[in-house]
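Coordinates in review
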There are 2 protein chains.
Amino acid sequence: MALLSRASKYAVNPIQEEDEVAMRLIRSGKKVIQINRGDPPSYFKTPKYMIDAFVRALRENHTGYANPLGITELREAISDRYRRLYGTDAGTDKITVTQGVSEALIFLNSMLLDHGDSAVIFKPFYTQYLPDMQFYGGKPIVESYEERLGWNIDTDSLSRRLRSGANSNRIKYMLITNPNNPTGTVLSRKVLEELVDLANEHGIVLVSDEIYDEIVYNGAKFTSVAELAKGVPHVIIGGASKILDATGFRIGFMMVPGEDRASVQINGAIKNLARVRLSANTPAQYAVAEGLRNSAEHKKAIGSMVKSISERVNFASKLINESGYMHTVVPNGAFYLFPRLHIGELKIKDDREFVDKLLKEEYVQLTRGSGFGARNYVRLVALPPKEVLASAIEKMERFCRRHSR
Amino acid sequence: MALLSRASKYAVNPIQEEDEVAMRLIRSGKKVIQINRGDPPSYFKTPKYMIDAFVRALRENHTGYANPLGITELREAISDRYRRLYGTDAGTDKITVTQGVSEALIFLNSMLLDHGDSAVIFKPFYTQYLPDMQFYGGKPIVESYEERLGWNIDTDSLSRRLRSGANSNRIKYMLITNPNNPTGTVLSRKVLEELVDLANEHGIVLVSDEIYDEIVYNGAKFTSVAELAKGVPHVIIGGASKILDATGFRIGFMMVPGEDRASVQINGAIKNLARVRLSANTPAQYAVAEGLRNSAEHKKAIGSMVKSISERVNFASKLINESGYMHTVVPNGAFYLFPRLHIGELKIKDDREFVDKLLKEEYVQLTRGSGFGARNYVRLVALPPKEVLASAIEKMERFCRRHSR
C-alpha cells in the first residue's frame, strides 16, 4: 500500500520547480536573474502608510486570533471598495478573508468538488488551478483563451462545448482570471457578459479571480464580474498581494454577493471552512484594511506602480517581438509576458527543456508554459527595471541563437 | 444534485458555534464571559521583543513572498530549539513552516488519507482532528485518554485494538496531543515509549502535536516524541501560538526528523503542499525566529506566563471540584479545564444544552465536550484572571443549582 494519498501527487508548483537549481547556482557565486515569481514587493516597496498601519496594529496588541471570517474593519473596507468601484452591493456578511488567493482556491475546490465532478478552466491558466482541482478529485474541462483573439475567450466554442456535454449537470464552477495570469489580458466586457449568460444557462457557478483588477494599462478597461452577474451565482476572489503590493501579508478574500440559494450555500460553506482554520494573520488584516480605505495614499501608490509596470511590460514586449525567436501578445493588465517560443527553429525539445537549459546556461529563471497548460510558451515576470529585463531577454536571444537549427 | 461537496459537511468548529449568540448578547449590552477560545494574547501581552522583531522586519521591507518552506532564519531557530531542548538532530530541510497548526493538520490529512483509510485519534481530542480527518475521507479509529488514569492512555487497550484490527494495514497515522487540549494532561514518558513501540510494530506514522510543550506545571515533566522515536517514522507539529503567546501570527511548523523511507516521503509531500500555497506570512516569520532564538527574553516571558497559568488553573480546578455539580482532573499542562458534568443530577439533557443555556441565562461561553468527542463534559479556558474565573464558575454553579433535579 502506498503511504501517500493519491491526491498528494497533484501538489506541484511549476513556478518553483527550478528553485533548487537556481539556489545552487546562486550559492556557487552566479548572478541569477529570477523572473519566475510575480512578487511586486521585490521591486516596489510596500507603501509606507500600510506598513505604518501594520506597526500600529502590532503596538496596539492585535496579536491574538482574529474573527475567523476576517476583522470587521477589513470586511467593511472590501465591501466599500466594491460598492465604490463596481457598484456591488455586498455587505460584510458576504465577504470572508482568506490566507491569500491560494487558500481561496483550496476552499473553492474542497467545498464544491466530489470525486468525478467537473469544472471549467481556460488555458493558459494560473498554475495552481489545475492541481488544486485535481487534488480534490475534479475532472478539468479545459477551454482556451485564444491567442488569435489577444487571449480573449471564444464564447461560441465554449457554448458548443457546454451544450454538447452529456455530463454538464456535474459541472460545478467555471473559473476565469481577469486580468489574466500568465497572458496579461484584460477580458472584454462583451466576453464577460456572454460568460455570465452561459453560466446562468447551464447552472454553473461563475468564479472570477480578480487579484490584478487595478493593474490595467494600454487603454484597457477592466470589468468586474460583480458588475454583470447580478442574479447569477458568482464568486469574486481578490486580495492584497498585487494591487496593494503586499504578497507576504497573505491576505485574500472571497465575496459571494448573491441572495440566491446557491450563493447562500456557498457563502455558508466558505465561512465554515474559515472557522475550522481559526483565522488569517491578525495585524496584517489591519494593514490591508488601511490599504483599501486610504484612497488618497492608495491612488498615489497604485498609480505610480502601474505606470512603471506598463512601461516595463511594453519595453520588454517590444524586445521579445524583435528577437525573432519568440512572440508575445502585448499585455494590457497584470505584469507577465507569455511569449510563444518558435520551438521548431531551435534544437530544443520543448518549453521544459528551454527553461531548464536557459537557467543552467544563462542564469535566467523563467516558468515553463506547460505549467500553465500551454506547451512551448514561457512566462516572464516584467516587474524588474528595464535594464534587468533587457539583460534577461538578451540572454534568451543569445541562448536561442546558440541552439538554433 | 447537491451543490456542495460531501466533504463540506465536515467543516465544523464546535469552539465557535455559540459565537453568533454571544455576539448578539454583547450587542444587546450584556457582559459575556467568553472562555471558549484558547487565545493567550487576550490575557498576556505578546512579548515586546517579538513585536519589535516583527516591526523591524516590516521596516526592512520583508513584505514579499517568503520561501514557501519557511524563511531559513526561522527553520534554523526551530532546528536549534529541538536540538537544545530534546537532543533532536533535525536540520532545516526536515522542517516546514505552516500557517498555524491548522494548516499542518490539513497537510497531514490530505497527504496521507485516501477515501476509506484510517487513522487513530484519542478522545477527548482537539476539535479539529476529527472533522479534518473526515473531510479527507478518513475513517477514525477513536481510542481514549482515560480519565481514571489522569487522562493518560491505556496502551494495553490500544495494543489489543491494533492487533485485532483486520484493516490495520490501512491505518495511516496515530495522532496525540501532548500536553493535551482539552484535558491539560502531560503524557507520561512510559506511555509515550509504548506508543512509539506500537507505532513501530504496526507500521503507523506517529504524529505528536506538541504546541503546548513549554506550558507545563504542577511537577509534570514533558517528553517530546522526537526524543523517543528515533528510527521510527514520526511527525512533530508545533508553533508560535501558545508558547510564544502569538496566536494571531499564524505560524506553525511540521518537523519530520527521520531518514527512513516513510519520513522522507512525508517530508517531501509536506514541502510540495507548502509550495502550492506559496508562503506563510513573511514578517511574522522573522518575529517568531527572534521569539525562539532570544532565549533570555523567551525564558522570562514563558516563565511568568506559565506561573500565572498554573495559579489560575489550580484555582479554578479547586472551585470546580468544590462545586458538587462537576469534577475535573487537575491539569498539569496547557490551560484548559475539562470537567465532567454530573448531568444525572440536572434537568439538562446533555453538554450541548448545558452550554447553550448557560450562555443564554448566565452569559458564560464555554465549549461543549461532545465537540471533543466526550459527551457531558465542558471545556473552560483558564487564561483569564482569577476573579473572572471565579465569577464564571459561580455562574455555572448558580445555573446548576437552578436546574438541579
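Residues numbered from 1 in each chain as written. Chains lettered and ligands numbered in written order. Predicted model: local features only at pLDDT ≥ 70, side-chain atom pairs only at ≥ 80, totals over all residues. Heavy atoms only, no water.

**Quick notes on the relation of the copies chain A and chain B**
Which entries qualify depends on this criterion: In this comparison the copies share one frame, found by least squares on the C-alpha atoms of residues holding pLDDT of at least 70 in both. In what follows, a contact means two residues having at least one pair of non-hydrogen atoms within 4.5 Å.
It takes a turn of 180 degrees to lay chain A on chain B, together with a shift of 0.0 Å along the axis; the resulting RMSD is 0.0 Å. On the angle and the small slide along the axis, the relation comes out as a two-fold axis. Of every C-alpha in chain A, the one belonging to Val-55 of chain A sits nearest the axis of rotation, 2.9 Å from it. Of the residues that chain A buries at the interface, 100% are likewise interface residues in chain B, meaning the two copies contact each other through the same surface.

**Observations regarding the pattern of salt bridges**
Rule in force here: What counts as a salt bridge is simple: a side-chain nitrogen of Lys or Arg found within 4 Å of a carboxyl oxygen of Asp or Glu. Strands are runs of DSSP state E lasting at least two residues, helices are runs of H or I lasting at least four, and both sets are numbered from the N terminus onward. Each residue is assigned to one of three classes by its accessible area relative to the maximum for its type, calculated with a 1.4 Å probe on protein chains only: buried under 20%, partly exposed between the two thresholds, exposed over 50%.
Evaluated as defined, the whole model comprises 64 salt bridges over all chains. Among the salt bridges present, the one from Glu-362 of chain A reaches Arg-398 of chain A, with a minimum N-O distance of 2.5 Å. A residue pair is termed long-range when its members are at least 10 positions apart, and Glu-362 of chain A in helix H12 (residues 351-362) and Arg-398 of chain A in helix H13 (residues 386-402) qualify at 36 residues. Relative accessible area serves as the criterion here: at 4%, Glu-362 of chain A is assigned to the buried category. Where Arg-277 of chain B meets Glu-103 of chain B, a salt bridge forms, and the shortest distance between an N and an O atom there is 3.0 Å. In this pair, Arg-277 of chain B is assigned in the loop between helix H9 (261-276) and helix H10 (282-293) and Glu-103 of chain B in helix H4 (residues 100-112), connecting sequence segments 174 residues apart. For Glu-103 of chain B, a relative accessible area of 10% translates into the label buried. Here the salt bridges share partners, and the residues they tie into one network are Glu-361, Glu-362, Arg-398 and Arg-402 of chain A.

**Some points on the environment of Met-396 of chain B**
Residue and element names in this part refer to chain B. Here Met-396 shows up in helix H13 (residues 386-402). For Met-396, a relative accessible area of 0% translates into the label buried. For Met-396, the contacting residues outside a window of four places in its chain are Met-326, Phe-354, Leu-358, Leu-366, Val-378 and Leu-380.

**Some points on the side chain of Asn-267 of chain A**
Residues and elements named next belong to chain A. Here is the rule: Any pair of N or O atoms that falls within 3.5 Å is considered a polar contact. Within protein, one atom must be able to donate a hydrogen and the other to accept it, and sequence-neighbouring residues count only if both atoms are side-chain atoms.
Take Asn-267: it is sitting in helix H9 (residues 261-276). When its relative accessible area of 8% is taken as the criterion, Asn-267 is described as buried. Polar side-chain contacts of Asn-267 include one of 2.9 Å to the backbone oxygen of Asp-93. Discounting chain neighbours no more than four positions away, the residues touching Asn-267 are Asp-93, Lys-94, Thr-96 and Val-256.

**Considerations on helix H12 (residues 351-362) of chain B**
All names here are of chain B. Applied cut-off: A helix is expected to span 1.5 Å for every residue after the first. Working definition: the arc comes from the directions between the helix axis and the C-beta atoms, pointing outward to the latter.
The first and last C-alpha atoms of H12 sit 15 Å apart over 12 residues, in line with the 16 Å expected at 1.5 Å per residue. Those residues of H12 lying buried are Asp-351, Phe-354, Val-355, Leu-358, Leu-359 and Glu-362. The arc that holds the buried residues of H12, viewed along the axis, is 120 degrees, so those residues lie on one side. Considering only its buried residues, H12 is in contact with helix H1 (19-27), strand S12 (340-341), strand S13 (364-365), strand S14 (367-368), strand S15 (378-381) and H13. Two residues or fewer after H12 comes Tyr-363, characterised by a positive phi angle close to 60 degrees.

**A look at the pairing of strand S9 (residues 252-255) of chain B**
Residue and element names in this part refer to chain B. Let me state the cut-off plainly: What makes two strands pair is DSSP finding at least two bridges between them.
Side chains of S9 alternate between two faces, with Gly-252 and Met-254 and Phe-253 and Met-255 buried alike. Strand direction decides the pairing type here: strand S2 (residues 95-98) and S9, joined by four bridges, are antiparallel. By the bridge assignment for S9, Thr-96 is matched with Met-254. Where strand S8 (residues 234-239) meets S9, four bridges bridge the pair, whose relative direction is antiparallel. Residue pairing in the sheet places Ile-236 in a bridge with Met-255 of S9.

**Details of the environment of Ala-119 of chain B**
Residue and element names in this part refer to chain B. If you trace the backbone, Ala-119 turns up in strand S3 (residues 118-123). Note on Ala-119: relative accessible area 0%, which makes it buried. Taking the C-alpha atoms as reference points, Ala-119 and Ile-171, separated by 52 residues in sequence, lie 5.1 Å from one another. When near neighbours in sequence (up to four residues on either side) are disregarded, Ala-119 contacts Met-133, Lys-139, Pro-140, Ile-141, Ile-171 and Tyr-173.

**A short note on the packing of helix H2 (residues 48-59) of chain A against helix H10 (residues 282-293) of chain A**
All names here are of chain A. Put simply, the rule is: Fitting a line to C-alpha atoms yields each axis, with helices limited to the stretch in contact; the angle taken between N-to-C directions then spans 0 to 180 degrees. Each crossing gets its handedness from the near helix: less than a right angle anticlockwise from the far helix is left-handed, clockwise is right-handed. Any residue that is not Ala, Val, Leu, Ile, Met, Phe, Trp, Tyr, Cys, Pro, Asp, Glu, Lys or Arg is counted as polar, Gly included; the first ten are nonpolar and the last four charged.
For the pair H2 and H10, interaxial distance at closest approach is 8 Å and the crossing angle is 140 degrees. Both H2 and H10 take part in a crossing whose hand is right-handed. Between H2 and H10, the contacting residues are Tyr-49, Met-50, Ala-53, Phe-54, Arg-56, Ala-57 and Leu-58 on the first element and Pro-283, Ala-284, Tyr-286, Ala-287, Glu-290 and Gly-291 on the second. Looking at the contact of H2 with H10, its residues break down into 10 nonpolar, one polar and two charged.

**What about the nonpolar core?**
Inclusion rule: Buried Ala, Val, Leu, Ile, Met, Phe, Trp, Tyr and Cys residues that are joined via side-chain atoms within 4.5 Å together make up what is termed a nonpolar core.
Ranked by internal contacts, the top residues of the largest apolar core, which has 291 residues, are Phe-249 and Phe-354 of chain A together with Phe-249 and Phe-354 of chain B. Ignoring anything within four residues of it in the chain, the contact list for Phe-354 of chain B reads Leu-341, Leu-346, Ile-348, Leu-366, Val-378, Met-396, Phe-399 and Cys-400 of chain B.

**Observations concerning the sheet that holds strand S6 (residues 171-177) of chain A**
Residues and elements named next belong to chain A. The strand order S2-S9-S8-S7-S6-S3-S4-S5 describes an open sheet built from eight strands, whose pairing is mixed. This sheet does not close on itself; its edge strands, each paired only once, are strand S2 (95-98) and strand S5 (152-153). The pairing of strand S3 (residues 118-123) with S6 spans four bridges and is parallel. Pairing of Ala-119 across the sheet is with Tyr-173, part of S6. Strands S2, strand S7 (205-209), strand S8 (234-239) and strand S9 (252-255) of the sheet are contacted by H9, whose axis makes an angle of about 35 degrees with S2.

**Description of the sheet that holds S15 of chain B**
Residue and element names in this part refer to chain B. Here three strands make up an open sheet; going across it, the order is S11-S15-S14 and the pairing antiparallel. Both edges of this open sheet fall to strand S11 (336-337) and S14, since each of them pairs with a single strand only. Examined bridge by bridge, S11 and S15 share two bridges and lie antiparallel to one another. For Tyr-336, the partnering residue across the bridge sits in S15 and is Val-381.

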